[in-house]
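Observations on chain architecture
Each chain is listed here by its residues.
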Amino acid sequence: DGTYRRYREDMVNGWVVSQSSTDGGVTWADDPGYRYDLNENDAGWMGVRAFWVNDDGGVGFIYNTNQIFGPNGEEIHSVRLAYSEPGDDGMNFELIDDNPIEDYVTSDVLQEMAADPHFVKLEDGRIRLIVMRQDHRRETPPLEANGSIVTYISEDGFDFQYEGEVVSWDDFEEWDVISLNDPKIMELDDGRF
């Protein structure tokens, strides 16, 4: 109906809350209640997050969590997927996938991190997701250079398939790169990303 909605974390209560605008984003009003309770699965915390609207009007919400644990009890940053059904206008999200992107496994050790999700919705309706990964065999920045940017693709916004690595810290020769945090992706007019 032309309403804009934006989301943020209420860190005091551990909720995702929202505001709405009916004048194209000039003025915003708080929506009553909360959209998602982070206390149920994420100890009241989330990191970087991204939202998108599916072609059917459902709203996808992918976010960082630090409540996934490795085989030795170590905290692993990864992402979760919540969803608001079509017709709900993004007002109520439910967790539908604890870890929608595959973890890399070497012997019994999970890849340390899949963080900082961002996405672009392609013209054909698919979702391209981009995250930063850090190698568990290296120290985390700034102790040691670490991190690569990888992408996943989804036909429906639910099932994500690994596409590959886009760039890594050691791909740069002209300057020292220590980390590749908070990647963003955009489609250019000529079809490049």
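Because the structure is a prediction, the values reported are computed rather than measured.

All right, on to the overall build of the protein then. Counting its secondary structure elements, the protein contains zero helices and 14 strands. Each helix and strand of the protein, placed in order from N terminus to C terminus, yields the pattern β-β-β-β-β-β-β-β-β-β-β-β-β-β. Seen through its principal axes, the protein has C-alpha atoms that stretch 50 × 45 × 30 Å. Looking at the protein as a whole, 44% of its 193 residues qualify as buried. Considering only contacts within the protein whose residues lie at least 6 apart along the sequence, 44% involve residues at least 24 apart. When the accessible surface of the protein is totalled, it reaches about 10,600 Å², and 47% of it is carbon and sulfur. In the protein, which carries 14 positive and 43 negative side-chain charges, the distance between the mean positions of the two groups comes to 3 Å.

In this structure, Trp52, Ile62, Ile101, Leu129, Tyr152 and Phe160 are the most contacted members of the largest nonpolar core, which totals 14 residues. Mapped by element, the contributors of at least two residues to this core are strand S5 (49-53), strand S7 (75-84), strand S11 (113-121), strand S12 (127-134) and strand S13 (148-154). Counting residues per element, this core draws most heavily on S12, which supplies three residues. Here Phe160 is in contact with Trp52, Leu81, Pro100, Ile101, Ile127, Leu129, Tyr152, Ile153 and Ser154, once residues within four sequence places are set aside. Ala115, Val120, Ile149 and Ile153 belong to the second-largest nonpolar core, a separate cluster that totals 11 residues.

Our focus in this paragraph is unusual backbone geometry. Residue Pro142 is bonded to the preceding Pro141 through a cis peptide linkage, with omega at 10°. Inspection of the secondary structure assignment puts Pro142 in the loop between S12 and S13. Look at Ala43: it is not a glycine, yet its phi comes out positive at around 55°. Note on placement: Ala43 falls in the loop between strand S4 (36-37) and S5. By relative accessible area, which is 59% here, Ala43 ends up exposed. Look at Asp116: it is not a glycine, yet its phi comes out positive at around 60°. Checked against the element boundaries, Asp116 lands in strand S11. A relative accessible area of 8% means that Asp116 is categorised as buried.

For the rest of this paragraph, the subject is the packing of aromatic side chains. Geometry of an aromatic ring pair is reported as the spacing of the ring centres plus the angle between the planes. If you walk through the whole model with that rule in mind, you get 14 aromatic pairs. Measuring from ring centre to ring centre gives 4.6 Å for Trp15 and Tyr34, while their planes differ by 25°; the resulting arrangement is stacked. Of this pair, Trp15 sits in strand S2 (residues 15-21) while Tyr34 sits in the loop between strand S3 (29-30) and S4; the two residues are 19 residues apart in sequence, bridging distant segments of the chain. Overall, Trp15 belongs to the partly exposed group, its relative accessible area being 26%. The class of Tyr34 is partly exposed, set by a relative accessible area of 35%. Summarising the aromatic geometry, the rings of Phe61 and Tyr63 are spaced 4.9 Å apart at their centres and angled 25° between planes, so their arrangement reads as stacked.

Rules of the game
- Along every chain, residues carry numbers that run from 1 in the direction the sequence is written.
- Residues qualify for local features only when their pLDDT is at least 70, as the model is predicted, and side-chain atom pairs are given and counted only at 80 or more; totals for whole chains, interfaces and linings, by contrast, use all residues.
- Based on all heavy atoms of the structure, the side-chain values leave hydrogens and waters out of the count.
- In this description a helix means any DSSP run of H or I spanning at least four residues, a strand means any run of E spanning at least two, and both kinds are numbered starting from the N terminus.
- Think of it in three bands: residues with accessible area under 20% of the maximum for their type are buried, residues over 50% are exposed, and the middle band is partly exposed, with areas taken using a 1.4 Å probe on protein chains only.
- In this analysis, two residues are considered to be in contact whenever any of their non-hydrogen atoms come within 4.5 Å of each other.
- The accessible surface values rely on the Shrake-Rupley method and a 1.4 Å probe; as for residues, cover is taken only from the protein chains in view.
- Here Asp and Glu are counted as negative and Lys and Arg as positive; His is not counted, and neither are the chain ends.
- Where a charge sits is defined by one atom per residue type, namely NZ (Lys), CZ (Arg), CG (Asp) or CD (Glu).
- Grouping buried Ala, Val, Leu, Ile, Met, Phe, Trp, Tyr and Cys residues that are joined through side-chain atoms within 4.5 Å yields what is termed a nonpolar core.
- The criterion for an aromatic pair is that two Phe, Tyr or Trp rings (for Trp, the six-membered ring) have centres within 6.5 Å, with stacked assigned to planes under 30 degrees apart, edge-to-face to planes over 60 apart and tilted to the rest.

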